[in-house]
Amino acid sequence: MKKMVALLSLLLAFTVVLTACGTNTKNEANDNDNKSSSQESLYDKVKKDGVLTVGTEGTYPPFTFHDDSDKLTGFDVEIAKEVAKRLGVKAEFKETQWDGMFAGLDAKRFDMIANQVGIDEDRQKKYDFSDPYIQSGAVLLVHKDNSDIKSFDDLKGKTSAQSLTSNYNDLAKSHGAEVTGIEGFSQSVQLIGSKRVDATINDKLSYLDYKKQHPDAPIKVADEEESGVASGLMFRKDSGKLVEEVNKALKAMKDDGTYAKISDKWFGEDVSPK
C-alpha cells in the first residue's frame, strides 16, 4: 500500500512538472507573439486610421513655423508630409512647446516628432530614430571683403559676435577670439556688415536660411566644421515597422529628387547628411 501511495505521488508530481513546462512554453510563445505584435501595432494603427500624428513646435523657422497666412509650414513640416504621403496616410500635426515635446511622445499624443531633434547616444537609449534626414555644423562668417580670416584658427585676436550662452561662444573663445555679446543671428550679421566686428560663428542652416532671405547680405563663409550634428525623426522605443517604413520613404525621396527639391526651396542647397 505504501509503495502504491508513493508511486501515485510520484506520478502526480511528474504531471505537475509537465503541466508547468507546458504553461511556461505557452507563456514564452505568447510573450514572443506580443513582442512581435507590439512592434508592428503602431504601424498597423497608423495605416488603419489613415493618419500619422506628428509632434512639432510650429515656432521654429525655417523648420516648423506659421507663415503670413498662419499656415503651418517649414522644412520639417514638408518632410513629414511627404513621408506620410508615401506611407499612404495623412500627416496630422500637433503643435507642442519643445520642453513638453518628448513627454507628449511618451504619452502617445503623437506617433513621431519632426522638429530637428539631434541624434545622440542618450536619446537613442530611450527613443527610436529614423535615418538622419538633415545635418548641420558650425560655420565661420566674415564680411565678404575680409581676406584676413580664412579659418577658425585665424580668429585669434579678432572680434567675434556671439550669443554668450551658446556653444558657438565657447568655440570662438577656444580659438582666441575677443567676444562681443549679441542677442541673435541677425544682430551679428549687422555688426559684420558695418565692420564693427570681424566675424561670428553660427549654425550653417541658420546662415543658409538668412542668405536665402537676404541674398545681398555682405557676408560669406570663411570656414566650416567638417562634421556636424545629424537630426532624425523620433519615435517611441520599439516602434519597429513604422520606423522601417519611414526610412524607406526617406530613401525614396532622396533617390527620386524630392528631398533635394524641398531642401533647395528652404536652404538653396542639399542639406542631407553626407
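Criteria and thresholds
- Residues numbered from 1 in each chain as written.
- Predicted model: local features only at pLDDT ≥ 70, side-chain atom pairs only at ≥ 80, totals over all residues.
- Heavy atoms only, no water.
- Helix = DSSP H or I, 4+ residues; strand = E, 2+ residues; numbered from the N terminus.
- Contact = heavy atoms within 4.5 Å.
- Areas by Shrake-Rupley, 256 points an atom, 1.4 Å probe, with all protein chains shown as cover.
- Core = buried A, V, L, I, M, F, W, Y, C linked by side-chain atoms within 4.5 Å.
- Buried < 20%, exposed > 50% of the residue type's maximum accessible area, 1.4 Å probe, protein only.
- Salt bridge = Lys/Arg side-chain N within 4 Å of Asp/Glu carboxyl O.
- Phe/Tyr/Trp six-rings, centres within 6.5 Å; stacked < 30°, edge-to-face > 60°.
- Lys NZ or Arg CZ within 6 Å of the ring centre and 35° of its normal.
- 1 Å grid on protein atoms, 1.4 Å probe; cavity = no way out; pocket = protein on both sides within 12 Å on 5 of 7 lines; lining within 4 Å.
- Points joined across faces, edges and corners; volume = space filled by probe spheres on them.
- Nonpolar A, V, L, I, M, F, W, Y, C, P; charged D, E, K, R; others polar.

Engineer: I tried to follow the overall build of the protein chain on my own but got confused; where do I start?
Structural biologist: A count of helices and strands for the protein chain gives nine helices and 14 strands. Sequence separation of 24 or more characterises 69% of the internal contacts of the protein chain that already satisfy a separation of 6 or more. Of the roughly 15500 Å² that the protein chain leaves accessible, carbon and sulfur atoms contribute 49%.

Engineer: I keep staring at the nonpolar core and nothing clicks. Help me out?
Structural biologist: Nonpolar side chains tend to gather and get buried jointly when the protein is soluble and globular. Membership of the largest hydrophobic core comes to 50 residues, with the highest contact counts inside it found for Leu52, Phe75, Ile79, Val83, Ile134, Leu233 and Phe267. If sequence neighbours within four positions are ignored, Phe267 has contacts with Pro62, Phe63, Phe75, Ile134, Leu205, Leu208, Asp209 and Lys212. One finds Ile149, Phe152, Ala172 and Ala177 within the second-largest nonpolar core, a separate group that totals eleven residues.

Engineer: Would you explain the pattern of salt bridges in this entry?
Structural biologist: Once the charged atoms of two side chains with opposite charge are near each other, the side chains can pair. As enumerated under the stated definition, the model contains twelve salt bridges in all. Members of the salt-bridge network, linked through shared partners, are Glu82, Arg86 and Asp256.

Engineer: Any chance you could explain the packing of aromatic side chains here in plain terms?
Structural biologist: Aromatic ring pairs are described here by two measures, namely the spacing of the ring centres and the angle between the planes. Tallying each qualifying case throughout the model produces nine aromatic pairs. Taking the centre distance of 4.9 Å and the plane angle of 50° together, the rings of Tyr60 and Phe63 count as tilted. The buried category is assigned to Phe63, whose relative accessible area is 3%. Taking the centre distance of 5.9 Å and the plane angle of 40° together, the rings of Phe63 and Phe267 count as tilted. Highlighted residues: Phe63 in the loop between β1 (51-56) and β2 (65-66) and Phe267 in helix α9 (residues 258-267), separated in sequence by 204 residues. Relative accessible area serves as the criterion here: at 3%, Phe267 is assigned to the buried category. Every member of this aromatic cluster is reached through a ring pair, and the members are Tyr60, Phe63, Phe75, Tyr133, Tyr259 and Phe267. Over the ring of Tyr259 we find Lys254, and its NZ or CZ is 5.5 Å from the ring centre.

Engineer: I keep staring at the layout of surface pockets and nothing clicks. Help me out?
Structural biologist: To find leftover empty space, a probe the size of one water molecule is rolled over the atoms. Of the volumes computed, that of the largest pocket is approximately 760 Å³. Together, 34 residues line the largest pocket, and Tyr60, Ser136, Tyr168, Asp203 and Ser206 are the ones closest to its centre. Those elements giving two or more residues to the lining of the largest pocket turn out to be β7 (134-136), β9 (159-162), α5 (167-174), β11 (199-203), α7 (204-213) and β13 (229-231). Looking at which element gives the most residues to the lining of the largest pocket, the answer is β11, with three residues. Residues belonging to the lining of the largest pocket are distributed by class as follows: 13 nonpolar, 15 polar and six charged. Counted as a void, the second largest pocket has a volume near 270 Å³. For the second largest pocket, the lining is made up of 16 residues, of which Leu42, Lys45, Lys108, Asp111 and Arg236 are closest to its centre. Going through the elements one at a time, α1 (2-49) and β1 are the ones with two or more residues in the lining of the second largest pocket. With five residues, α1 is the single largest residue contributor to the lining of the second largest pocket. For the lining of the second largest pocket, the per-class residue count stands at four nonpolar, three polar and nine charged.

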